[in-house]
Amino acid sequence: MRKFRFAAYLCLTVLMAAAGRMPVQAQDLEPYRDWFGSYGFTDSLGNIVIECRFDDVKGFTEGYAPVLSRGGNVLGEGGVFGTLSPTLKWGYIDTSGMIVIPCQFDLAEQFSEGYAAVMSGNKWGFINHVGDTLVSYKYDEVRKFVNGYAAVRQGQKWGYIDTEGQELVPCIYDAAGSFGQDGFAAVTKADSSGFVFRNGNWYATKDRALNWIRGIPFSIYAKDKMMNNMNEWQRLAPGESVPDWEARVNDETFMARLDGLELRFGAGYLAANQLENPECLLGAYDSLAGTFAVSVREGFREYRLDLPVPADDAASVESGWKRVKSQFKYFINHDRPAVSEAVFTLPGRKVYEWKNPEYDAAGHHLLLDYDLDDVDFTLPGKIYRETLKYVRDSSAADTDSSLPGRSGRNVDTYAIIIANEHYLSGESVPYALNDGKIFCEYCRTRLGIPDNNIRLISDARTEDLRSLESWLEKEARLFNVDTRVIVYYSGKCAVDDVLREVFVLPVDYVAGGVQGGLSLNAMYSRLLNTPADNALFIVDASYGKIGRDGMRSDVFYTTEVDMRTLRPAERMVTFYAAGAEEGAYPYPQKKHGLFTYFLLKALQNNPEITYGALFDYVSANVEHVSEELYGREQKPEVYSSEWDGEAWRDFTL
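Residues numbered from 1 in each chain as written. Predicted model: local features only at pLDDT ≥ 70, side-chain atom pairs only at ≥ 80, totals over all residues. Heavy atoms only, no water.

A. Geometry of the packing of aromatic side chains. As enumerated under the stated definition, the model contains 31 aromatic pairs in all. For the pair Y221 and Y269, a centre-to-centre distance of 5.4 Å together with 45° between the ring planes defines the contact as tilted. Taken as a pair, Y221 in helix α4 (residues 218-233) and Y269 in helix α6 (residues 251-272) lie far apart in primary sequence, 48 residues in all. Of the two residues, Y221 and Y269, neither departs from the other in class, the shared state being buried. Summarising the aromatic geometry, the rings of F575 and F615 are spaced 5.2 Å apart at their centres and angled 50° between planes, so their arrangement reads as tilted. On the criterion of sequence distance, the pair formed by F575 in strand β33 (residues 572-578) and F615 in helix α14 (residues 611-630) is long-range, its members being 40 residues apart. Take F575 and F615: they sit in the same class, and that class is buried. (Phe/Tyr/Trp six-rings, centres within 6.5 Å; stacked < 30°, edge-to-face > 60°. Helix = DSSP H or I, 4+ residues; strand = E, 2+ residues; numbered from the N terminus. Buried < 20%, exposed > 50% of the residue type's maximum accessible area, 1.4 Å probe, protein only.)

Here you go:
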């Protein structure tokens, strides 16, 4: 110990730098300014643990602190973030003093509930702990997240966003407070003040707002919010490895989180349902049971209970009841608020207690039904480990090389190919780009389609899909009665709950929605108005909730897909790689989607195969191999219009 102190005395500067790298608790660090006007951090004892090398700092929250400095690693060498910039910018450090989010913002605030407000170019947005943007820079002013929501201002008007970046309440208010645990925030519009609930509903008074909550079951108050929270939590986060995801998301942690969220939202629900000024009415005394009948009332709410009172105390309780003071505890019983415990204090400090026999004080149990039968968190790990076997294998699949050609040109056939592998949300569709690339080669060489008749888009964004529609509209003018159209897609699909349509999703789609997606129904309608003979839609994706990587886009599958939603127009056929309850899985050994590999294999053997023979071959092989690889069923589906019946089976490529 003496040697350590002696070394510290001689080598103060070295140890200060080392101390900055020692693991410390963020809550123990305080901003500190030295004699030269530079900022660092000290621990609870006043020792400098992060050296004073910043132009300004703010306190630590959630393990990160905003710091003002020039770009780079502020050690004078540029480091992983590039050379030093002459302009002062804000970034973030961790408790070791290392810059973890580069100094690139004009202003930066502390983290709150996983997100921090940052300014760039005089506009505010939000980032997460790894620096990814939650909300783009479009707001004139923002406040931190409180209870899952942040107030934001555009122009002179305020609104609210949630932790998914969605604008929960439009910017229509002149002033906006923070959301409380009960789900309400105080707002002002023109000369009227009131309260807005988290679903956007406005109430003139808090009493009216609370009365709304008091009139609904807990399931209506909490279930949708809980489901959305769980859906977001179980997704693979950007930069998160599958092993880390498996440790974070599994059956055990899933149920624990669900239970914790119910406690959280249950507390908010009960807070809104507490009796503020109840009237306690004493009824008759039951000498046999030794109880008074007590009615607790407030507004339209009433609780009845039998208060145990010894016979010797009955007279004094009855005479002193007018001066009784009451306290209540609550719980959720049969989806409604109920009193779990009541304490009545009379003059002389005589205390009488009542406990609800239906209340289980031993622990919390899930209150709501979430239809969890389909939840399976083992599949992503199986797919990940199967993929690892072939990461270093550079050999091409037997379908990807030496493609046999076809005599003649198929000038009356058009091909639209969309391959989306890397989604900006961090989601991935393994091998989708290779699917699109090789299928495009098959269209050229095996099917003899001219290059001018082929449109390939890889990792398509929203604007790419819009330009594709424009291209199709222009090319459709050249269609004749012999024209055939092939639309191939490898990526993510979704069924919109409101529109009841299947959408292919661009890589910049908003999680949980179909914004910017391409509706298959819209494509059917566009082709129906042309003289084309027939069209084949090949969708290597599930229209359900499981992606190719095994990840679920939604834990709670509540939408019953109507077959009419899936059927195309006349003279059109749609192949889906999987149904609603399954995923369209990868085939790592072949570096393709399982469905696409056998599609290519069938075309390799016979380019003039009929649609019926093609589907039968692909379907049989996909079902067999998916069961063999993952122990899960992948059953391709085919849909044609009712008018066509089984005629589609004789169509040919």
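B. Main features of the sheet that holds strand β5 (residues 65-70). Pairing in this open sheet of 4 strands is antiparallel, and the strands run β4-β5-β6-β7 from one edge to the other. Two strands lie at the open edges of the sheet, namely β4 (56-57) and β7 (99-105), each paired on one side alone. Bridge count between strand β6 (residues 88-93) and β7: 3 bridges; the pairing is antiparallel. Along β7, the bridge assignment pairs Y92 with I101. (Pairing = 2+ DSSP bridges.)

C. Geometry of the sheet that holds strand β15 (residues 167-173). Reading across the sheet, the 4 strands line up as β12-β13-β14-β15 and stay open at both edges, with antiparallel pairing between neighbours. Only two strands of the sheet have a single neighbouring strand rather than two, namely β12 (141-142) and β15. Both β12 and strand β13 (residues 149-154) contribute to a ladder of 2 bridges, which runs antiparallel. When the sheet's bridge partners are listed, E141 is paired in β13 with R153.

D. Expanded view of the nonpolar core. Among the nonpolar cores identified, the biggest contains 47 residues, and L307, W321 and F344 are the most heavily contacted of them. The element that contributes the greatest number of residues to this core is α6, accounting for 7 residues. Ignoring anything within four residues of it in the chain, the contact list for L307 reads G290, T291, F292, V294, W321, F344, Y352, E353 and W354. Residues I418, Y524, Y543 and A569 belong to the second largest nonpolar core, which totals 44 residues. (Core = buried A, V, L, I, M, F, W, Y, C linked by side-chain atoms within 4.5 Å. Contact = heavy atoms within 4.5 Å.)

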